[in-house]
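Geometric and topological summary
Listed here are the chains, written in short residue letters.
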Amino acid sequence: MTPRRPCLAIDGPVGSGKSTVARLVAHRLGFTYVDSGAMYRALAWAARARGIGPADPERVSQLLNSVDLRLEPQPDGVNRVMVSGRDITQEIRSPEIGQLASEFSEMPAVREWMVALQQDMARDGGVVMEGRDIQTVVLPDAEIKIFLTASAEERARRRWIELRERGFEADCDEVLAEIQARDHRDSNRAHSPLRPADDAVHLDTGGMDIEQVVQRVLEIAGERNLRP
Ligand code: DC
C-alpha cells in the first residue's frame, strides 16, 4: 500500500500572498491546491443570488442543505469555482463578495459545513490548502504548517495592485481600511479565529517577492523530507 501523501496547511491574513504561494508550491510538488477562501466566497455569492443575508440563519441553513458548491482544481493549479453548474471563478473576486464571505464565515453552521467539505478534499493527502483555520481546525495534523504575515500597509499595496490587474477600480486608502476591517473580523470572531498553530513556521513576507516565499516554503518542505 502506498503511504498517504502529506498535507501542507498555509494560513494568513488577506494580502499575505498565501493564495499565489500555495498554488505555486502545490504545482512544484505535484500536489492539489485548495483555496478554502474561494469556498466561503462561493457560498456568499450563492446566498446573495438568493437574497439571503448573514442575519438570517434559518435561510442560510436551508442554503447549506441545498447548494451545489464545487471547487474543481485544474491541472494549472487554478481552482474553478462552480455553484449549481455555473462557473463563478471570476465573479467571486470582487471586494464586495470578499466582505460578505467574511460575514458569513462568522456563522458556526457555515464553518462546520465548510470544514467537513475541506477535510473530505484532503482525505487522500497530497494537498496544499490555504485559508484562515486550516492548520488549527481543518487539518490540525498537517505535516507542514506555515503562517504567512506582512504589515497591513504592505498587504494593502499588494491587494490594490491585484484588484487593478483584475479590472476592479480601487482606492488605496479604501483597500487599507477594508483589509483592517477584515483582519479585525477574521481574527476576533468567536468561532475559529485566524491564528497560527502552536507548531507553525511563521514567515513574514514583507520585502520578499513571491518566488522567494515559494522557495522558502519548499525548503521547509525539503527539510522535512516532503519533496516529491
Ligand atoms: O482568502 P479570501 O480573502 O478569499 O477569504 C474570504 C473570506 O473567507 C475571509 O475574509 C474569511 C473567510 N475565510 C475563512 O473564514 N476561513 C478560511 N479558511 C478561508 C476564508
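Here is a short report on the structure shown in this document.

Cut-offs applied
- Residues numbered from 1 in each chain as written.
- Predicted model: local features only at pLDDT ≥ 70, side-chain atom pairs only at ≥ 80, totals over all residues.
- Heavy atoms only, no water.
- Near = heavy atom within 4 Å.
- Polar contact = N/O pair within 3.5 Å; in protein donor to acceptor, adjacent residues only side chain to side chain.
- Areas by Shrake-Rupley, 256 points an atom, 1.4 Å probe, with all protein chains shown as cover.
- 1 Å grid on protein atoms, 1.4 Å probe; cavity = no way out; pocket = protein on both sides within 12 Å on 5 of 7 lines; lining within 4 Å.
- Sits in = over half its atoms within 2 Å of the grid points.
- Helix = DSSP H or I, 4+ residues; strand = E, 2+ residues; numbered from the N terminus.
- Nonpolar A, V, L, I, M, F, W, Y, C, P; charged D, E, K, R; others polar.
- Points joined across faces, edges and corners; volume = space filled by probe spheres on them.
- Buried < 20%, exposed > 50% of the residue type's maximum accessible area, 1.4 Å probe, protein only.
- Pairing = 2+ DSSP bridges.

Around the ligand lies a shell of 17 residues, among which R41, R111, R132, D133 and R182 are the nearest. At a separation of 2.9 Å, an oxygen atom of the ligand approaches a polar side-chain atom of R189. In isolation the ligand has 450 Å² of accessible area, and contact with the protein removes 97% of it. Here the ligand occupies the largest pocket. Considering each element in turn, the shell around the ligand owes the most residues, 4 residues, to helix α2 (residues 36–49). For the shell around the ligand, a count of residues per class yields 3 nonpolar, 5 polar and 9 charged.

In this section: the layout of surface pockets. Put simply, the largest pocket is a space of about 1,100 Å³. Contributing to the lining of the largest pocket are 47 residues, with S19, T20, R93, E162 and R166 lying nearest its centre. The dominant element in the lining of the largest pocket, judged by the number of residues it contributes, is helix α7 (residues 152–165), at 7 residues. Its residues placed into classes, the lining of the largest pocket shows 12 nonpolar, 15 polar and 20 charged.

So, on to the pairing of strand β7 (residues 144–149). By the criterion of burial, β7 is predominantly enclosed, with 5 of the 6 residues buried. Of the strand pairs in this sheet, strand β1 (residues 7–11) and β7 are connected by 4 bridges, and their pairing is parallel. Opposite A9, over in β7, you have K145 as the bridge partner. Of the strand pairs in this sheet, β7 and strand β8 (residues 201–204) are connected by 4 bridges, and their pairing is parallel. Looking at the pairing, L148 lines up with L203 of β8.

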